[in-house]
Each structure stands twice: as structure tokens, then as C-alpha cells.
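Spelled out from the first residue to the last, the chains are:
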Amino acid sequence: MIKRLARCVREYRPYALLTPVLVLLEVAMDILLPMLMAVIIDSGIQQGDPRMIGKMSLGLLGCTFLALVFGVLSGQTASIASAGFAKNVRHDLYYNLQTFSFESIDRFSTSSLITRMTTDVDYLQQAFQMSIRITVRAPFMLAFSLIMAFHINHRLSLVFLAVLPVLGLLMYLIMSRAHPIFETVFKMYDKLNTVVQENLRGIRVVKSYVREEHEIQKFQRTSQDIYVTFSRAQKLVSCIMPLMQLCMFGCSLILSWMGGRLIVFGEMTTGMLVSLLSYAFQILISLMMLAMVFMMLVISKASAQRVVEVLEEKTDLHSPDAPVTQVRDGSIRFENVGFSYAKDAKKLALKDVNLTIQSGETVGILGGTGAAKTTLVQLIPRLYDVTQGKLLVGGVDVRDYDLSALREQVAMVLQKNELFSGTIKENLRWGNQDASDQELEYVCKLACAHEFIQTFPTGYDTYIEQGGTNVSGGQKQRLCIARALLKKPKILILDDSTSAVDTKTDARIRQAFAQEIPDTTKLIITQRAASVEHADKIVVLDEGEIADIGSHEELMERCNIYREVYTSQQKGGGVDETV
Amino acid sequence: MRQSRQSPGPRGGFSRGQSLQETKGNMVRLFKYMARYKVHLILVAVFILVNAYAMVQGNLFLQTLIDQHILPLTQVENPDFSRMLGAILRMAGLYLIGVGASFAYNRVMVVVSQGTQKQIRDELFAHMQRLPLRYFDTHTHGDLMSRYTNDIDTLRQLLSQSIPQLLSSGVSLLFVFVAMLTVSLPLTGLVVAMVFVMTKMVGRVGGSSARYFVKQQEVLGSLNGYIEEMTHGQKVVKVFCYEEQAKEKFDALNQELCAAATQANRLANSLMPLMMNLGNIQYVLIAIVGGLLAIGGVGGLTLGGIASFLQLSRAFSGPIGQVSQQINSVIMALAGAGRIFQLMDEAPEEDSGSVTLVNACYRQDGTLQECEERTSLWAWKQPHDDGSVTYHKLEGDVRFDKVDFAYVEDKPVLHDISLFAKPGQKVAFVGATGAGKTTITNLINRFYDLSQGKILYDGIDITRMKKADLRRSLGVVLQDTNLFTGTVMENIRYGRLDASDEEVYAAAKLAGAHGFIRRLPQGYDTLIDGDGSELSQGQRQLISIARAAVADPPVMILDEATSSIDTRTESIVQRGMDSLMTGRTTFVIAHRLSTVRNSDVIMVLELGRIIERGSHQELIAQGGKYHQLYTGAFELE
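Residues numbered from 1 in each chain as written. Chains lettered and ligands numbered in written order. Predicted model: local features only at pLDDT ≥ 70, side-chain atom pairs only at ≥ 80, totals over all residues. Heavy atoms only, no water.

*Asks:* Please clarify how the overall build of chain A should be interpreted in this entry.
*Replies:* Broken down by element type, chain A carries 22 helices and 12 strands. For 579 residues, the compact-globule estimate of 2.2 N^0.38 gives 25 Å, and chain A exceeds it by more than 25% at 36 Å. Referenced to the eigenvectors of the C-alpha coordinate spread, the extents of chain A come out at roughly 120 × 55 × 55 Å. Relative to its 579 residues, chain A shows a buried fraction of 60%. Element-wise, carbon and sulfur atoms account for 57% of the exposed surface of chain A, whose accessible area totals about 22500 Å². (Helix = DSSP H or I, 4+ residues; strand = E, 2+ residues; numbered from the N terminus. Rg over C-alpha atoms; globule rule 2.2 N^0.38 Å. Buried < 20%, exposed > 50% of the residue type's maximum accessible area, 1.4 Å probe, protein only. Areas by Shrake-Rupley, 256 points an atom, 1.4 Å probe, with all protein chains shown as cover.)

Now the structure itself:
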């Protein structure tokens, strides 16, 4: 895990390595201070020698100045290294995400991917910066101070050897108890945030059912849990400060007592005692720092794990070594195709699909909820790989194509579609970066989007809010269709993409397709039988299997499911009311 | 313990900046919350004082020890250490009290900080629940969400770390300062001068660091926003082979953030060594000046005095360093607090209604009276000015009288809408997207208030009704199903919290959801996520219909409820829906004309006006827009 993350340091390696060195130098300077101070007190003040004071103080000032320089420099290098590290981690995460298959996206879930790329990276950045500064500083400070203390008087310094392990153990006990509680607390925070998020999304439902109080109570229950648990953790941690003080006071008193005696017997000087006390202070402070850093690192371990999971996710959808880069035509053939999301041949979502579609045909796909309509079409641009059998596009197995070449030719309008913040033009140009304004207008006319875009004061330059919240559902769908058309694909797949479009417009869009892009193979998934009534071919799916294929007339004759669907939408027969 | 993330949402608040006035105001407000723990705070103050006193005495003790015990003892032949031991033991006692006080105030402070956080958290959510729908329309979820995540997070940092530290640092500073004065006036002067230099430096560095931090937060906000948006649309990115372009913009933002973060941290990282080493320089200067003073015999400074003063100067620059480190997070937290308070200051949904909905039953004489238990009968309870109360049976008669409405002033979306629905009637709205169908139904349950005209419900103006009671009498099935994390059972029961299991089953059966629910792994106890991603769109819709069914309201609003259920499921739903609709006034918005044909009346809307109205047969006979819509297919294809 550490190894993978360490690979992200890359070009910032010199800074990352330089930082501990600088920190080390700074610590060395800091350590010298009390030592020199002892000389000043003993040989200068006590002996009343101003020259000595002058000499030593030059040394002291030199030391502090150097410490300052090293300290500031290490701060600089640390910030460069850690910001760079975070940049690289984010970069690697995001780039790897781009290679993710749909399956990986599903498995990680969007919100978890976002957290990993934002919050988790932030924690890692902080942890990294800490590691190269404080994690170096604290132990060195501790070690150096101890050495110096022993150097001054090893008998007195034994006090530290007695106190340190006890303090260390106590702190470890507190931390190891507090840590799981903190983990729990953060999980509770997640839960709390879920409640808020659901309420934001479902505010209309909450208000309609007058469930404000109910929701507030739900929130407060979790909030109360956090209060109780967090307090418990905080109380544990709050013992650290007094504990530190206790040790510090204890040490200094013992040192005072024993040191005082030694001075009286002439075995030690006053200056030594003063510097010993300074070292005692430094030793305990560095121990506390160490404990804090330890805690930080343990907490960020979870973040590191989550980040590495994404970094190491390998997609199994690759372009082959010698890929086919041209899609000849828009013909599609399924040969005994079986598919399972779990890659388990026993849990097939699609079974024994055999289907041949000629280039330029319009094919309707109908079926109940869970009939695997979406699953079927997602195999065509190779968003998932078939589990069994073979799928040919333009006469070539989809697995032999260069992935982007294939997807360039297969435009798919997803059921859950997204617009992005930016102008309408920018959104449309997803389909083709270099499209001219005329081309944009043309596809928008085809998708019946031109008319409403024109009613906007700023027309095609109208800014779409994140998630397309400032256009209606039907408008959004039409923009998504236009965007797909701009690709001039050989195959166009509409996955229930006109459900929010009113029937009249729906019909006009289909008519435009028939007239303007006759050579494009069009696959239309829909709930409205009338939408596909005039298709060349209608595929009826039922629980992952093809129940029947045929024209409207044929299916009316022999397919129960189709007849049922069609007549239920006709209710009363006569005219086709669904347009 | 965990360093807070401190990043505002995509539309973060730091960019707006905060005036000093506001910062002060937020601080005062925050203290008001903490002031609820008066006794606790007083205790904390007392304990901090005791602790600081013990600390300072400890630092001064060195002087006593050296000057009064050690040095005199070196002069005598057979030193007697008992007096020194006594002094040390007395000090030990004082220390123990100090440690006890520290333990106590740390503990008490936990209660204050956690309690305050909980209080603010709860109030924030409770207040949000009471905001009008308009507020949610005009604020993005990300923006609101970031108040719960980032802002509360910074607040947590402030309350559980910064404030306690600032308090104890402040008190320590004061005590140490007094102690220093007692030891040596000239040296104290030196310290004051140094502190002046220090604060100047900190102000300089800290000031520009704060600016860069703001910049960092801004860029972080936009990068996180970008990541969020693109990841949500990742499937679209894949389908459009848009990976390379997505990377491009990401790289630019990422680079920008790296630069800003480097810049901000550079300064912040320099702060600590700067402070520490300035502290060291001060330490050295004291030794030198003190030494010279002692040698020259100025100001009666003794060796012990210098030793003590050295300790004191450490104890003085320590807290200053701590305070300076906290400043950034305090400023950020106060900005966060500002955003939280801002939301709390939003005007809640107004509800001046006095008419309430009560369970009713008939008296012997056939008049209505209120009763305790749930009956199948409901009544509007109308209090009058003269103190009398009348009851009016809830029937579900809805009338619009010349209603105009605009979401944004001067941009009316509904014009002069008048219509009536008698109890049990089914009214359907038909029209293109944006014609105002959904808006009409949003007015009935008073999600929005009218600009002009009025709506009467059972003859009572709906503005006179209590909103909660009005909404309770209306069942709603929305286009977005919005289920909540919990079991299927809980989700259906959302419609009526006291519904029994049997009633839930019955409602599910009515909606046609019972079948598929039983086939779920844990049946009714199957856990679903908030977005219900384990269920298909259709199944979610069935559950939301069951949810409305269990509420059993006299009036139903069905907003495009059936549009994404497949036809076979739909026929099941339709049957359930029909029985749900019988005896209820129903408003339907649907794209499929088949679902509206058997309505009592169909309203055809265009650009916010009712252009045609009547039954299916009447409208067809009229040969207008409805007829065109209805027969449009043949003209088009």
C-alpha cells in the first residue's frame, strides 16, 4: 500500500528527501541550545565573565539563526513535496478512473469514488506532510535530547528512562482505545450525511407527507449517537494533556531534588540543571508529538486503503493488441450471447440471445422491468463484455475493435443521462469537438431541441447548471439525443430516452430519424409500444431471453406479451392515442 | 483529532469573503450557544486559572530552589536538605492540584464543545426542514450539503480544539506575564519587545498565508466540484469516449490547486519554525542580557531569577506559538459558522393557518363532532373569531379561482387558472413540457403561494389551513420516487407512521407491489438505499405508490407516476391505481393519453393557460389541440 502511494511522489522526490534532512539539521541546532546555555550560566554568569557570555551568545545566536533557516526551508520543501504528492495521487486516481469499465464504476459507486478523490486525498496530503516533517522531527528530537541529557548527567537522566516507558504505554493505551471510537464516530457522520442528503433530494416527499418532525427525530437520533460516542473518545483523549503535565512536573521535581543535591555536593552545576530541565521539556513534547502523528497516520490509513483500491483497480476491458479501427457498417449480430453481471454462468441476466440486425434498420426493444433491455444494448459499445457467445458489429467481434473506435461509431443515449455545467453548445460538442454551429443546429432540429433552445434568451449559449437542473426532463433528454447524433454514429441506441418527452415530440423525433439518418442502425428501447410500432423489427425481451422477434403485425398475431402491452396502451382500441 | 478537510463545496463560501463585522457577529453568536453551558464554563474558567497558577508557580519555583536552597546549601559544610525537600513536596502538592484542574477542565470542556456542536447541528437540520421549497429550488444540494460536512467539520475543530486551547493559552499568558514582572522588569521589557516583533511577523506571514489559503480553498472547491460532476457522469464520459478531454481540464485544475496549496502551505509551514526560533532567540537574548544584568548587579537579578525567567519565557512564547497556529483554523471555522448561521437565518415556511384536520364521527343528531380515535371520517376544524368552532366534513372538493403564479417575479408561469374538482372526480392535466402541469399541483399542497387568486378546498381557502393538515389530506406520487434508507416496510409506512403490518401489506397489494416485494431476498425487510439502486425504476415507483396508498388520503396527486413503468407492470399498477382513485379526488399529470382518457375532465395546458377543458369525448368532438395531440401521430408519420 505504502509502496503504491510512494510511487506518486515522482518528480517531487528531491523535495521529499530533502525535507527530513533539513528537519534533522534544524533539530540538531535546537538541541545545541540548552547545551550552550549551560555554558553561559556556569562559566559566564556564575563566574561573572562577560567575555565568555559574549562569545557563547554569538554561538547561540548563530545556532538559532541556522535553525530558523533550516526550519523555514524544510517548511518550503515539505509543502512543495506534499502538494505535489497530492497532485500526483489525484492525477493517478482520475486517470485510472477513466479506464474503468461500467462494472468497476458500479462496484465502487459514484459517491464513494468522489470521496476517494477528494476527502481521502486531502487526508493523505496532510499525513504525507506530517510524515516527512514531524515524524522525522519528533523521534530525532527525542533521541537527541535524551543523548544530551545523558551527556550532562547520566544518573539523573535515568529518570527519563523510568518515566518515558510509563508515559508511552499510557498514551498508547489511550490512543488505541480512542482510535476505534473515532472510527465509529466518522461512520456515524457518514450516516448523518446520508440522512441530510436523502432529505435534500426527497424534500418534496417529506413535505407532502408532513414528515418534517419524523425526519428531525431521525436526524437527532444519529446526532445524539455522535454526541455520546464522540464525547467518549474526546474524554479519553482529554486525559493526555494532564498526563503529560503530570509527567513533566514529576520529572522536573525529581530532577530538582536530585540535581539540587548534586549541585550542593559540587557534582553538577546550576547551568546543567537548567539545561536538563529544558531537555526534559523537549523530550516530553516530542513524545506527545509522536503520539499525535501516530494517531494521524492510523486515521489516514483507512484513506490510504481506499485510495489504493482505486489505484490498483484494473479493468478487464482492453483494446486488443492489433485492433480493428474501422467499423464497416452498422450491422449487429448476437450469437448465443449470455451475460452475467457477476460473471457467473449460473446467474445469467441474458440467456441465449441470437439476434441479427442489418445496417440501417430501426429496431424496437420492448420488455418488462428487469427484462434486461438495457443490459442487452450495453454490450454493443462493449461497456460490458459478454460472458458467453459472441457479439459482432460490422461483422467483427467487438472484442477485436479498438475500444474508442468502436464507441465512436456506437452512440448511446443512456437511460440515466447527464448534462454537464457549461453552455448548451459545450454540452453538445461532447459528441464532436469540431462541430460547426450549423451542425449543432442541424442535430438539434433532428432531436426537436432547436425550438426550445431558441426560446431561451441566450439561445445555444444558455448556461446549463450542474446536472442540467435548469432544463426540464424532456428538454434534457432531447439535448442528450442531439449530443449523440452529433457523433454521426453508425449505430444509435436510445435507452428509454424519450420517456419525459411528450408524445407528439417523440413522434417527430422518430420521423426525423427515419428521414435524415436512414443509414444509421437505430435501436430504441421504450415502454411505449407505439414508439416502435413502425420499426423494421421489434424484439420482445422477457426475463433475459428473447421472447419473440418480428414486425408489429407478426407480433400482434403470435406474441402474447406484445399483444398485451400494445392493447393495454390502446385501451378501448380505435385510434392510436399514444402517438 | 482528524484534521478537518476545510474545503467548502463547489460553490464554496470563502470566495465571498467575510467582513470583520460578520466574523465578529459569528463569534458572538457562537459564544451565545456556548453560554448555555454557563456553569460548565465557569468551572472551566476556575480550573484553567488554578492550572495556570500551578504552572507559573512551577516556573518560579526554580528561582526559589536555586537562590534560597541550592546556592545557600553550597555554602555550608553539612547541608541539611530537609527544608529543600519540604519546598519540593509543597510544590508537588501544588502541581498535583494543577494537574487535577487540567484534567477537570479538559473533561468539562468536552461536554461544552460536543453539546454545542450537537445543538447547532440539530438546529441546523430542524431549521432546514422548515424552509420553503423555494429555498431548495434556488440552492444546490452540494452547497447545502457542504454546510453539514465541511462547515460543521471546521466548527468541530474550532470547538473541540481551538477554543479550549485559546482559552488556556490566554490565561497562561496572563499569569506568566505577571510572574515575569515579579522576577525582572527589564527582562520583561525585552520579552514584550520580542513579542511585538513576533506578532508583527506572524501578522505578515499569517496574513498572506490566509489569502493563499482562501485561494487554495477556492481552487479545491472547483476541482472537487469538477470531480464530482464528471464522476457522476462517468458513464456518459465513457459512452462518448470523452476521457481525454476530461483529463485535460482536470489536469489544469489539479495543477492550479497544487500551485495554490504549495503557496499556502509554504507560508503556513514557515510560521512554526519562525515562531519557535524567534522564541529561541528571545531565550538566548534573555540569557545574555540577564547574565550581563546579573553580573552588573542591576535590578537585583539573581542566578535563580535568570533560570526562572528562562523557563517563564518558554512558557510565554509557547502559547503565543499555539495561538498563531490556531488563527487560520479559527478564521476558517468562523467563515463556516457564518454559512451555517446564514442558513439558520433563512425565513422558514410561513404557516398562519388555523383550520386543522381532525378525526370525526357523527353525533346522534347527524352533526359532526371531533373524536379521539382514527375513523374513516375526517373533518376540518374551523375556529372562529367569536371562539366558536365549526366542523366541516373533509370531502375533497378543490376549486381554483383565477389563479396566477410566478416562480420568479414578473415571469408568470400560470395565468388565470380556474377549475374545479368535485369530490371523487378525476382531473387530468395534459400539455407539453413546461406548460405548467406540475406547477398547478405544487400549488394545491402549498409548496408555493399564489401570486393572484385563490384555491378553495372543501370551500375553505387553503391559506387558512394549517399546512401540515392540508398536506396530510393530500396523497402524492411524484416523478422522482425518493425512497429513504431503510426497509421496504419502513418506506411504505412512511405514508402513515402508525400503519400496522397488515395495512402495509394491503397497500402494497393495492399498488401491485406485493408480488415483487415478496420475491425480494428478505421480503418486506429488504434494506434499500436512499436512491433505491437495488430496485428497478418501476419497482421504486410501485413502492412510492404503496406509500401513498397507505396514507389513504381523500385527494391524490399523481405526477407522471406511470411514465417509466413498463406496460405490463403498468397494467397492474393501473388496476391498483384505479381502485386507489375510486372515491378520491385525483389530479393526474401524464404523458400517455391512455391514462387520462377515463378522467372526468381533462385540462389541456399551453404556456400556463388552460386552452381546452372537457371530457375525452367532448374534447375529441371539439377538434382542437387535444384532438390534434390525440390524432397527431397520423399527421406526422
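*Asks:* For this particular structure, what's the right way to read the interface of chain A and chain B?
*Replies:* Residue-level contacts link 175 residues of chain A with 164 residues of chain B. Carbon and sulfur atoms supply 65% of the area that chain A and chain B bury against each other, a total of about 15700 Å² over both sides. One can count two salt bridges joining chain A with chain B. Measuring nitrogen to oxygen at the nearest pair gives 2.9 Å for the salt bridge that ties glutamate 213 of chain A to arginine 130 of chain B. Connecting chain A to chain B are 32 residue pairs in polar contact (both at pLDDT 80 or more). (Contact = heavy atoms within 4.5 Å. Buried area = accessible area lost by both parts, 1.4 Å probe. Salt bridge = Lys/Arg side-chain N within 4 Å of Asp/Glu carboxyl O. Polar contact = N/O pair within 3.5 Å; in protein donor to acceptor, adjacent residues only side chain to side chain.)

*Asks:* Help me understand the confidence of the model for chain B, please; the structure alone is not making it clear to me.
*Replies:* Residue and element names in this part refer to chain B. With 91% of its residues at a pLDDT of 70 or more, chain B shows a mean pLDDT of 82. Counted against residues more than four places away or in other chains, residues 1-17, with its pLDDT under 50, gives 62 contacts. Every residue in residues 632-637 is under pLDDT 50, and counting partners more than four places away or in other chains gives 12 contacts. Across the interfaces of the predicted complex, the ipTM metric reaches 0.81, alongside a pTM of 0.76. (pLDDT = per-residue confidence, 0-100.)

*Asks:* Is there a simple way to think about the nonpolar core in this case?
*Replies:* It is characteristic of soluble globular proteins that their nonpolar side chains tend to be buried jointly. Judged by nonpolar contacts, the single largest core of 245 residues is most densely connected at Tyr457, Ile492 and Phe587 of chain B. Top contributing element to this core by residue count: helix 8 (residues 154-201) of chain A, with 20 residues. When near neighbours in sequence (up to four residues on either side) are disregarded, isoleucine 492 of chain B contacts Val504, Ala508, Ile517, Tyr524, Ile543, Ala546, Arg547 and Val550 of chain B. Counting residues in each nonpolar core, the second largest holds 130 residues, with Val121, Leu406 and Ile481 of chain A together with Leu220 of chain B among its members. (Core = buried A, V, L, I, M, F, W, Y, C linked by side-chain atoms within 4.5 Å.)

*Asks:* Whenever I open this one, the pairing of strand 8 (residues 452-457) of chain B confuses me. Can you help?
*Replies:* Residue and element names in this part refer to chain B. Taken together, the five bridges between strand 5 (residues 398-408) and strand 8 define a ladder with antiparallel strand orientation. When the bridges of strand 8 are listed, valine 398 appears paired with tyrosine 457. Judged from the two bridges that link them, strand 8 and strand 9 (residues 460-461) form a sheet pairing that is antiparallel. Looking at strand 9, one finds that leucine 456 is bridged to aspartate 461. Here strand 8 hands over to strand 9 after two residues, with aspartate 458 in that stretch at a positive phi of 50°. (Pairing = 2+ DSSP bridges.)

*Asks:* What am I meant to see in the sheet that holds strand 6 (residues 411-421) of chain B here?
*Replies:* Strand order in the open sheet formed by four strands is 6-5-8-9 (chain B), with antiparallel pairing between adjacent strands. A single partner strand is all that each edge strand has here, and the edge strands are strand 6 and strand 9 of chain B.

*Asks:* Hey, could you run me through the pairing of strand 4 (residues 388-393) of chain A in this one?
*Replies:* Residue and element names in this part refer to chain A. Pairing analysis gives five bridges linking strand 1 (residues 332-339) to strand 4, with the strands arranged antiparallel. Bridge assignment links glutamate 335 to a residue of strand 4, and that residue is lysine 390. Pairing analysis gives two bridges linking strand 4 to strand 5 (residues 396-397), with the strands arranged antiparallel. Bridging from a neighbouring strand, leucine 392 pairs with aspartate 397 of strand 5. Linking two consecutive strands that pair antiparallel, namely strand 4 and strand 5, is a turn of two residues; a positive phi of about 60° is found at glycine 394 within it.

*Asks:* Any chance you could explain the sheet that holds strand 16 (residues 609-614) of chain B here in plain terms?
*Replies:* To summarise the sheet geometry, strands pair through backbone hydrogen bonds and adopt either a parallel or an antiparallel arrangement. Residues and elements named next belong to chain B. As summarised here, the arrangement of the six strands in space is 10-13-14-7-15-16, forming an open sheet in which the pairing is mixed. On the outer flanks of this sheet lie strand 10 (474-477) and strand 16, each paired with one strand and no other. Averaged over all pairs of adjacent strands, the angle between strand axes in this sheet comes to 20°, irrespective of strand direction. Bridge analysis of strand 7 (residues 426-431) against strand 15 (residues 601-606) gives five bridges, and the strand direction is parallel. Paired with valine 427 across the strands is valine 601, a residue of strand 15. The sheet contacts of helix 10 (residues 437-444) involve strand 7, strand 10, strand 13 (555-559), strand 14 (585-589) and strand 15, and relative to strand 14 the element is tilted by about 150°. (Axes fitted to C-alpha atoms, helices over the stretch in contact; angles between N-to-C directions.)

*Asks:* Would you explain the pattern of salt bridges in this entry?
*Replies:* Any two side chains of opposite charge can pair, on the condition that their charged atoms come close. Using the criterion set out here, one finds 41 salt bridges over all chains in the structure. Glutamate 313 of chain A is paired through a salt bridge with arginine 107 of chain A; the nearest N and O atoms lie 2.7 Å apart. Here glutamate 313 of chain A is found in the loop between helix 12 (270-312) and strand 1, whereas its partner arginine 107 of chain A is found in helix 4 (residues 102-108), with 206 residues between them in sequence. The exposure class assigned to glutamate 313 of chain A is buried, which follows from its relative accessible area of 12%. Ionic contacts of the salt-bridge type, sharing partners, join the residues Lys207 and Glu212 of chain A together with Glu349, Lys467 and Arg471 of chain B into one network.

*Asks:* I'm lost on the confidence of the model for chain A in this one. Help?
*Replies:* Here chain A averages 85 in pLDDT, and 97% of its residues register 70 or above. In the model, residues 571-579 of chain A has pLDDT below 50 throughout and makes 31 contacts with residues more than four positions away in sequence or in other chains.

*Asks:* I would appreciate a short explanation of unusual backbone geometry in the present structure.
*Replies:* Note: most peptide bonds trans; most residues except glycine with negative phi. Of note, aspartate 496 of chain A is a non-glycine position whose phi angle comes to about 50°, a positive value. Judged by relative accessible area, which is 8%, aspartate 496 of chain A ranks as buried. The backbone of leucine 607 of chain B sits at a positive phi, close to 45°, despite the residue not being glycine. For leucine 607 of chain B, the location among the structural elements is in the loop between strand 15 and strand 16.

*Asks:* What is the right way to look at the packing of aromatic side chains in this model?
*Replies:* In this description, an aromatic ring pair is defined by two values, namely the gap between the centres and the angle between the planes. All names here are of chain A. Considering all chains together, one arrives at 31 aromatic pairs over all chains under this definition. For the pair phenylalanine 85 and phenylalanine 128, a centre-to-centre distance of 4.2 Å together with 15° between the ring planes defines the contact as stacked. A residue pair is termed long-range when its members are at least 10 positions apart, and phenylalanine 85 in helix 3 (residues 50-99) and phenylalanine 128 in helix 6 (residues 119-132) qualify at 43 residues. Accessibility classification places phenylalanine 85 together with phenylalanine 128 in one group, the buried group. Taking 6.2 Å as the distance between ring centres and 20° as the angle between the ring planes, the aromatic pair formed by tyrosine 562 and tyrosine 566 counts as stacked. (Phe/Tyr/Trp six-rings, centres within 6.5 Å; stacked < 30°, edge-to-face > 60°.)

*Asks:* What's the story with the side chain of aspartate 92 of chain A in this structure? I'm lost.
*Replies:* Residues and elements named next belong to chain A. Residue position: aspartate 92 is located in helix 3. We classify aspartate 92 as buried; its relative accessible area is 11%. Dropping the residues within four chain positions of it, aspartate 92 is found in contact with Arg4, Cys8, Arg10 and Leu311.

*Asks:* How should I be thinking about a nonpolar patch on the surface in this particular structure?
*Replies:* All names here are of chain A. A cluster of nonpolar side chains, namely Val166, Leu169, Leu170, Tyr172, Leu173 and Phe294, defines an oily patch on the protein surface of about 570 Å² accessible area. A total of five residues in the nonpolar patch trace back to one element, the largest contributor, which is helix 8. Along the chain, valine 166 falls in helix 8. (Patch = residues over 30% accessible without salt bridge, like charges linked within 9 Å, V, L, I, M, F, W, Y side chains within 5 Å.)

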